[in-house]
Amino acid sequence: MASVVEIREVTVAFGGLRALRGVDLDIAQGERLAVIGPNGAGKTTLFNVIAGDIAPTTGTVVIRGQDCTRRPSRHRPRLGLARTYQKARAFAGLTVRENIYLALAGHRGRHRALWRTPADRAMGDEAADVADRVWLSGQLDELAGELAHGQRRQLELAMAIATRPDVMLLDEPASGLSRGERERLVELLESFDDRLTLLLIEHDMDVAFRIAQRVVVMADGEQVMAGTPDEVRADPHVHRIYLGTEAA
Amino acid sequence: MNLRARLTGEPLALAGLVLFLILLPSLATAFFVNFVMTQTLILGLAAATIVFLSRYGGMTSLAQLLMFGIAGFMFGNAALDGGARGLNLGWHPWAAVGFAIVVTTLAAVVLGAIASRTTGIYFLMLTLVYGVIGYFVFAQIVEISGPGGITSIQRPDLLGPPVRLYYAGLLLSVLAYVGFRALRRTAFGLALQGVRDDPVRMASLGFNVPLHRTLAFVLAGFVAGLAGLLNVWWNGQIDPASISIGPTLILLIIAVIGGISSLEGAWLGAFVYVLVFTYLRDLPLVDRIGITEARFNTVIGVIVLAIMVLSPEGLTGIARRLPVRTIRKELGGTRA
């Protein structure tokens, strides 16, 4: 199957610190890929490179056949890419509906309209439907800054799925969620269309292994291994670097 | 409309205020209307552009008085003819208006495009630098500012009687207020607020953050230019000192007095400033406690300090809290 994201020899250096060291990664269309590893492994840096939030020091990033290595993040939605952040980054001064509306407006190029049209009202209705999918329909007119942590995560997810992306990058979506909320999150992720490519950073192994078809393990800015969830779970090296213990 | 708006009757109160201001020339003295209120509307309009940029875009600009001054100088240069100071282009007054607005807007495009790459304190400092450079440009290039300023500037015939200038100020103030408020709900306004809250997130959603900031700066520059035109018609002259660092800070202080997070605060702050400026010297015994005209800025400073201690949101912050308390009392409600 053709790759939708191709990472070649990507290195990211912050001064003397090398956050990524020559990472290669191919992600096929429709693939569900989890990236795991201890803190400081370079997972979020890898996401930031793919999403265009930081440019790699060396190496290339190709998304859907287009070299995006030096292109800023604002070009990514046009290529069908959406992301969430490790720390929920909703717009605190806007309501849930307005946050989701902005995700829709950004994707559809409605950036600078100085008056409201029926299209805006339709997007507002669409935002309500998306909020319903992530169980936020009761908070539509609440300010994002007043939401509980878990609800902010749900809003992040809503903003990502609103644009119906081809590639979605989720950075620790289950972080801070209760057990029940995690279950609902897994149900939601499993309900996505098979053509959606999903890239997931997750410390909750239960969530990561249930969603992913393939798991990439990172440590110290490098890819340590890649395999199916069962292969990764059984690998003693992964246990050593991740948990500091050998597999039982 | 939300519950709070209904309780405070905000739209109704604003409509009533506008009606009152329309009727004011038949109720108050000519001095109060043509001096106090016209100046209030002009300064309020200019200060509203600071509030707009700060509240919606998260950008505190010290360049708004420069835009105000550019429009005034350009009008003076274009409208005056032989014998007057400046370029003496001698154009038709309305052509001069167009020229002033175009030059001001173009200046805002250039300055905004550069400033849009910065945020927070860096944006504030950069716009302060704009103000300082602008002052020196007009102070040193006397061909466009005249030696000691451009004087004897006449307003267009349409705005001949002073009361018409008052109405022009009122009309532009209402349009700016309603326009800025309406903009909040549009795609552009929501995007601007998104840029204020989290520019990185906005970029990841596909928005061109620097372009949004630039467009907001241009819009604010355009409105500040209109205020600058009103000011030069009201004053009849303009000189570089009127856009120096002191008046630049006074415009910011006006916005802070009223409340930098509320549009109506711009006009409220301007009203308080003009009232103090106009009537302080007439208060009984005020000179005996050492408050002379030379110490006017100290008085303003103390007022700003007192307001900030009482409410960081300025006078509108104080005013907003009052009716809600009253309503709670009327409803017999208590805080848990």
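All of these numbers come straight from a predicted model, not from anything done at the bench.

Chemist: Can you help me understand the domain arrangement of chain A in this one?
Modeler: Much of the literature gives interface size as the accessible area that the parts lose upon coming together. Residue and element names in this part refer to chain A. According to the domain assignment, chain A contains domain 1 (1-80 + 166-248) and domain 2 (88-164). One C-alpha centre belongs to domain 1, the other to domain 2, and the line joining them spans 25 Å. At the interface, 16 residues of domain 1 touch 12 residues of domain 2. Surface buried jointly by domain 1 and domain 2 totals about 1,100 Å² across both partners, of which 65% is contributed by carbon and sulfur atoms. Of all residues in domain 1, M168, R184 and L188 bury the most surface against domain 2, accounting for 39% of the area lost on that side. Our count for the contact surface shared by domain 1 and domain 2 stands at 0 salt bridges. Linking domain 1 with domain 2 are 2 residue pairs in polar contact (both at pLDDT 80 or more). For the side of domain 1 that touches domain 2, the elements supplying multiple residues, two or more each, are β7 (167-171) and α5 (179-190). In terms of residue count, the dominant contributor to the side of domain 1 that touches domain 2 is α5 (4 residues). Per-class residue counts for the side of domain 1 that touches domain 2 are 8 nonpolar, 3 polar and 5 charged.

Chemist: Sorry if this is basic, but what is going on with the pairing of strand β4 (residues 58-63) of chain A here?
Modeler: Looking down a regular strand, the side chains alternate between one sheet face and the other. Residue and element names in this part refer to chain A. Bridge analysis of strand β1 (residues 3-14) against β4 gives 5 bridges, and the strand direction is antiparallel. Bridge pairing in β4 links R8 to T60. Relative to strand β5 (residues 66-67), β4 is paired through 2 bridges, and the arrangement is antiparallel. Residue I63 lies in a different strand from β5, and its bridge partner there is Q66. Counting the residues that bridge the hairpin from β4 to β5 gives 2 residues, and of these R64 lies at a positive phi of roughly 50°.

Rules used throughout
All residue numbers refer to position in the chain's written sequence, counted from 1. Chain labels run from A onward and ligand labels from 1 onward, assigned in the order the entries are written. Local features in a predicted model are, by the rule used here, given only for residues with pLDDT of at least 70; side-chain atom pairs are given and counted only at 80 or more, and totals for whole chains, interfaces and linings are based on all residues. Computation of side-chain values covers all heavy atoms of the structure but excludes hydrogens and water. An automatic or database domain assignment supplies the start and end points of every domain. Throughout, a residue-residue contact means that at least one pair of heavy atoms, one from each residue, lies within 4.5 Å. In short, buried area is how much 1.4 Å probe accessible area vanishes from two parts on joining, totalled over both. Any Lys or Arg side-chain nitrogen located within 4 Å of an Asp or Glu carboxyl oxygen qualifies as a salt bridge. Each polar contact in these results corresponds to two N or O atoms within 3.5 Å; when the atoms are within protein, one needs to be able to donate a hydrogen and the other to accept it, and residues that are neighboring in sequence are counted only if both atoms are side-chain atoms. For helices the rule is a DSSP run of H or I covering at least 4 residues; for strands it is a run of E covering at least 2, with both sets numbered from the N terminus onward. Residues are grouped as follows: Ala, Val, Leu, Ile, Met, Phe, Trp, Tyr, Cys and Pro are nonpolar; Asp, Glu, Lys and Arg are charged; all remaining types, including Gly, are polar. Pairing between strands is defined by DSSP: at least two bridges between the two strands are required.

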